[in-house]
Each structure stands twice: as C-alpha cells, then as structure tokens.
Amino acid sequence: MIALLQRALEARVLVDGATVGAIGAGLMVLVCAERNDSEKEADALLAKLLSYRVFADDAGKMNRSVADVGGGLLLVPQFTLAADTRSGTRPSFTPAASPDEGRRLFNYFVSRARNAHAIVETGEFGAHMQVSLTNDGPVTFWLQVKPQIAT
C-alpha cells in the first residue's frame, strides 16, 4: 500500500460542491492499495503513518508524529499513486488493486484509523473530488509497504 502524506495547516475534500471531509492542522494523506495488498499491509502502513515524525518539537526538529500532536487525518483514496510511468506518455494502472479490492482496503484502513486516532476525515472512494490543502513547510513524504513474498 502507498500513502503520500502532506503536513497541512488545513485540508478539505469537496464532492459536487459539498465538503465531505476537512481537517485543521494535521496530515492530508492520499492512500492507494496495490495488487496483492491485504489487511496486513494496511495495518503496517497505518502504524507507520501514525508514528511517522513530521511535526516539530520544541527545538524545531521533526520529532513528533500526528498522534503526538493530536492533529487531524484526512484520508483520500487515490489509485493513481500506483501508476506505472516508466514508459510512454500515458500511465498504466496495472499495479493498482481492482476497484472493489481498493475500496475494501481503503474502508478497512479508514476503520482502523478511526479506532486508533481521534480525528479522521475522508474523501469519497470513486468520486470526482476537489482536494485542497495548505501544505505546511512544504512537507511531503511517500510511504510504501509492499507485501512480503514467502520464499
């Protein structure tokens, strides 16, 4: 699974002109399930995301996580993160999970996030969304958890 996280002062998602998710300070996270991902990868990615240190401590160092600062999480489904862009001028989405599996894993990820963190908002899977944020820094990180292949 993939998460592109951005430290935000505020972020929101609109669908058909209506706000479906919004946070103040925290992380806006684009989330993508890839083929062969399972709940195991979702759990590992969420654990990493919640503990990833991207907020400043008293010395100005990035030593605090979203959990440490009590920031919001805005989780937005984004299958295009799995695009294969290595050749040509049109991306291939073969690496992405199927829409049904992507939806299932995104919903699982959101459910687990809501059990572990106080402020969790979301975008809408499969909808045409307008996503806006004020990126703080800017600070942006790519996190990825690949399935372990048994040998």
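Undergrad: Is there a simple way to think about the pairing of strand β3 (residues 26-32) in this case?
TA: On any regular strand, side chains alternate: one points to one face of the sheet, the next to the other face. The element β3 is extensively covered by neighbouring structure, given that seven of its seven residues are classed as buried. Pairing of strand β1 (residues 2-15) with β3, which is carried by seven bridges, proceeds in the antiparallel orientation. Residue pairing in the sheet places Leu4 in a bridge with Leu30 of β3.

Undergrad: I'm lost on the packing of aromatic side chains in this one. Help?
TA: The geometry of an aromatic ring pair is captured by two quantities: the separation of the ring centres and the angle between the planes. Under the counting rule described, the total for this entry stands at three aromatic pairs. With centroids separated by 5.6 Å and ring planes inclined at 70°, the aromatic side chains of Tyr52 and Phe141 adopt a geometry described as edge-to-face. Linking Tyr52 in the loop between α1 (39-51) and β4 (55-56) with Phe141 in strand β8 (residues 129-144), this pair joins segments that are 89 residues apart in sequence. On the basis of relative accessibility, which here comes to 27%, the residue Tyr52 falls in the partly exposed class.

Undergrad: What am I meant to see in the pattern of salt bridges here?
TA: Two side chains that carry opposite charge are able to pair once their charged atoms sit near each other. Evaluation of the coordinates by the stated rule reveals seven salt bridges. Among the ionic pairs, Arg7 bridges to Asp136, the shortest N-O distance being 3.4 Å. Of this pair, Arg7 sits in strand β1 while Asp136 sits in strand β8, and the two are 129 residues apart along the sequence. Taking relative accessible area as the criterion, Arg7 reaches 12% and is therefore assigned buried. A relative accessible area of 27% means that Asp136 is categorised as partly exposed. Glu101 is the salt-bridge partner of Arg104, the closest N and O atoms lying 2.7 Å from each other. Taken together, the positions of Arg104 and Glu101, both in helix α3 (residues 99-116) and three residues apart, correspond to about one turn of that helix. On the basis of relative accessible area, Arg104 is assigned to the partly exposed category, the value being 35%. Each of Glu39, Glu101 and Arg104 takes part in salt bridges that share partners, so that together they form one network.

Scoring rules and cut-offs
Residues numbered from 1 in each chain as written. Predicted model: local features only at pLDDT ≥ 70, side-chain atom pairs only at ≥ 80, totals over all residues. Heavy atoms only, no water. Buried < 20%, exposed > 50% of the residue type's maximum accessible area, 1.4 Å probe, protein only. Helix = DSSP H or I, 4+ residues; strand = E, 2+ residues; numbered from the N terminus. Pairing = 2+ DSSP bridges. Phe/Tyr/Trp six-rings, centres within 6.5 Å; stacked < 30°, edge-to-face > 60°. Salt bridge = Lys/Arg side-chain N within 4 Å of Asp/Glu carboxyl O.

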